[in-house]
Amino acid sequence: MSFVPFVMERWQSRYEHEVDLNLSESGVHPLTLGELGELLGVRTDELDQVLLEYVQSNGTPELRERIAAMYPGAGAENVVVGNGSAEANFVAAWDLASSGGEFVFMEPNYFQIRGVAENLGVPVKSWWLDSADWEPDFDALDELVTDATTAIFVCHPNNPTGRVFGNEFVDRVVQAAERVGAWVLADEVYRGAEHDGVETPSFWGTYDKVVTTCGLSKAYGLPGLRIGWAVAPPEFTDRLWSRMDYTSISPSTLSEWLATRALEPGCRASLLERTRRILTSNWQVLEAWLAERSETFRWPQPQAGAISLVEFRNDVSTGALAERLRVEESCLIQPGDQFGLPRHLRLGIGPPAAQLQDGLERLGRVLDNPGTGDASER
């Protein structure tokens, strides 16, 4: 079986540390260790005493209890901690693939789970949001979900659109799954990064076959800690824990220690408030830039996440455009081709405002000065 590469992550991993400016990231600018320590009130002597051992491989009870407290009705037994939400997604998809059948995958989406499924030989059906407004088509979902469906995979709030769909979305996805006894895996890594401060409804607690995944990367500004989690029925988290024996074995001791303190309710609130403050301010920077180019772009305002999906009004090879921007201006963006969306760009709005403005100016220069290998296909 041929291997399906994760094109988006290959693009970012290869170039994000080689460019001057990175507008491909979907989270807010990360905190330094010093900034996090100050927010948490951590003393240097406390860090000196952290024993760099293997921690409990599914997450320490204290951290799992902190996570469970964010999900009404959950306990530590419902939580397994991994190295980022990526590991939680991977082991969940791996487990569900062992049941056979088909997956139904919301699109556009973060392509990790689709790629995992394809590499494991699982048939995948695409459930596309309506490209006119990125609204869900529930009739289409009902047609796609059959007795062969093992699981439905959604990302809510959505990457790359930044859309939040609300309670009806949760209810209709659960109804479709429940009708055939399928699982729902909801990637909720952008919960907490809503621009209006109203937290997106979770799938947790709506159905007995729900797995939700999340982590500290996007809404918390702590991607380098590599702490993520899955919340699920205890028998499912036990299976995920067993699969992690083949992957990372355990989270980082120091990351666990810091994450436990970051998820103390008061500290968690401070981290999320910082994220929303950055997003509110930076969206205004991007919107002003886009308004000057309204003849070039269409764009809906994102509702969550440090991302904005913009669409060219003319046919454009966004892959070629992104490559020109990288080479000529040392700035990285995410071409829509990598989400199955020609003519679109996903722009990150999480960096410091001055860096965002600089990156947009560099993108503007490439747009205004077509050269050899012009990105346009008019």
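Cut-offs and rules
- Within any chain, residue numbers begin from 1 and follow the written order of that chain's sequence.
- Only residues with pLDDT of at least 70 get local features here, since the model is predicted, and only at 80 or more are side-chain atom pairs given and counted; chain-wide, interface and lining totals rely on the full set of residues.
- The side-chain numbers reported here are obtained from all heavy atoms of the structure, hydrogens and water having been left aside.
- Helical segments are the DSSP runs of H or I of at least four residues, strand segments are the runs of E of at least two, and each set is numbered from the N terminus.
- Every radius of gyration here is taken over C-alpha atoms, with the globule rule written as 2.2 Å times N^0.38, N being the number of residues.
- Three labels apply to residues, based on accessible area from a 1.4 Å probe with only protein chains included: buried if under 20% of the type maximum, exposed if over 50%, partly exposed otherwise in between.
- Should any heavy atoms of two residues lie within 4.5 Å, those residues are counted as being in contact.
- The accessible surface values rely on the Shrake-Rupley method and a 1.4 Å probe; as for residues, cover is taken only from the protein chains in view.
- Two rings belonging to Phe, Tyr or Trp (six-membered ring only in the last case) form a pair when the distance between their centres is within 6.5 Å. Interplanar angles under 30 degrees mark stacking, angles over 60 mark edge-to-face geometry, and anything in between is tilted.
- Only Lys NZ and Arg CZ are tested; either one counts as a charge over a ring when it is within 6 Å of the ring centre and within 35 degrees of the ring normal.
- Note on geometry: axes are C-alpha line fits, over the in-contact stretch for helices, and angles between N-to-C directions span 0 to 180 degrees.
- If an angle is under 35 degrees, it is roughly parallel; if it is over 145, roughly antiparallel; if it lies from 65 to 115, roughly perpendicular; otherwise it is oblique.
- Rotating anticlockwise by less than a right angle from the far helix to the near helix defines a left-handed crossing, while the corresponding clockwise rotation defines a right-handed one.
- Each residue is assigned to one class: nonpolar for Ala, Val, Leu, Ile, Met, Phe, Trp, Tyr, Cys and Pro, charged for Asp, Glu, Lys and Arg, and polar for all the others, Gly among them.
- For our purposes a nonpolar core is just a set of buried Ala, Val, Leu, Ile, Met, Phe, Trp, Tyr and Cys residues, chained together by side-chain atoms within 4.5 Å.
- Take a side-chain nitrogen of Lys or Arg and a carboxyl oxygen of Asp or Glu: if they are within 4 Å of each other, that pair is a salt bridge.

Engineer: It is not clear to me how the overall build of the chain should be interpreted in this structure. Could you clarify?
Structural biologist: Helix and strand content of the chain: 13 helices and 13 strands. For 378 residues, the compact-globule estimate of 2.2 N^0.38 gives 21 Å, and the C-alpha radius of gyration of the chain, at 21 Å, lies within 12% of that figure. Overall, the chain is about 55 × 55 × 40 Å in size when its C-alpha atoms are taken along their principal axes. Here the chain, with 378 residues, has 56% of them falling under the buried criterion. Long-range contacts, defined here as pairs at least 24 residues apart, represent 74% of the contacts in the chain between residues at least 6 apart. Only carbon and sulfur atoms are counted for the fraction: they give 48% of the accessible area of the chain, which is about 15,700 Å².

Engineer: What should I look at first to understand the packing of aromatic side chains in this one?
Structural biologist: The relative placement of two aromatic rings is captured by the distance of their centres and the angle of their planes. Within this structure, the stated rule accounts for 13 aromatic pairs. Here W127 and F169 contribute two aromatic rings whose centre-to-centre distance is 6.1 Å and whose plane-to-plane angle is 5°, an arrangement assigned as stacked. Here W127 is found in strand β4 (residues 124–128), whereas its partner F169 is found in helix α8 (residues 167–180), with 42 residues between them in sequence. Note on F169: relative accessible area 1%, which makes it buried. Feature note: the residues W127, F138, F165, F169 and F203 constitute an aromatic cluster, connected by ring pairs. Cation over ring: R243 sits above W94, and NZ or CZ is 4.8 Å from the ring centre. For R261, the ring lying beneath its charged end belongs to W257, and the centroid distance is 3.8 Å.

Engineer: I'm lost on the packing of helix α2 (residues 33–40) against helix α10 (residues 253–262) in this one. Help?
Structural biologist: Two measures define how a pair of helices packs: the angle their axes make with one another and the distance between the axes. Direction vectors running N to C along α2 and α10 enclose 45°, while the axes themselves pass 10 Å from each other. Relative to α10, the element α2 is oriented oblique. Our pair here, α2 against α10, has a crossing hand that is left-handed. Of α10, the residues touching α2 (which contributes L33, L36 and L40) are L258, R261 and A262. Taken together, the residues that form the contact of α2 with α10 break down as five nonpolar, no polar and one charged.

Engineer: Explanation requested: the nonpolar core in the structure shown.
Structural biologist: Generally speaking, nonpolar side chains in soluble globular proteins are found buried as a group. Ranked by size, the top nonpolar core spans 63 residues in total, and within it I67, Y71, L216, Y220, L222, W229 and L345 carry the most contacts. A per-element tally of this core places helix α11 (residues 265–291) first, with 10 residues. With near-sequence residues (within four places) excluded, I67 lies in contact with V79, V81, W229, V231 and L263. Core analysis: the next-biggest nonpolar cluster, separate from the first, contains 29 residues, M106, V170, A177 and V180 among them.

Engineer: Hey, could you run me through the pattern of salt bridges in this one?
Structural biologist: As a working rule, side chains carrying opposite charge can pair if their charged atoms are close by. Enumeration over the complete set of coordinates arrives at 23 salt bridges. Notably, a salt bridge pairs D95 with R243, separated by 3.2 Å at the nearest N-O pair. Within this pair, whereas D95 is found in helix α5 (residues 84–97), its partner R243 is found in helix α9 (residues 234–244), the two being separated by 148 residues in sequence. On the basis of relative accessible area, D95 is assigned to the buried category, the value being 3%. Measuring nitrogen to oxygen at the nearest pair gives 3.7 Å for the salt bridge that ties E311 to R343. Taken together, the residues E311 in strand β10 (residues 307–312) and R343 in the loop between β12 (334–335) and β13 (344–348) connect sequence positions 32 residues apart. Linked through salt bridges whose partners overlap, the residues forming this network are R298, E311, D315 and R343.

Engineer: Would you mind showing me how to read the environment of V173 here?
Structural biologist: Note on placement: V173 falls in helix α8. Sequence-wise, V173 and T260 are 87 residues apart; in three dimensions their C-alpha atoms are separated by 32 Å. Not counting the four nearest positions on each side in its chain, V173 is found in contact with W127, L141, I152, V154, V184 and F203.

Keep in mind these numbers describe shape, not what the thing actually does.
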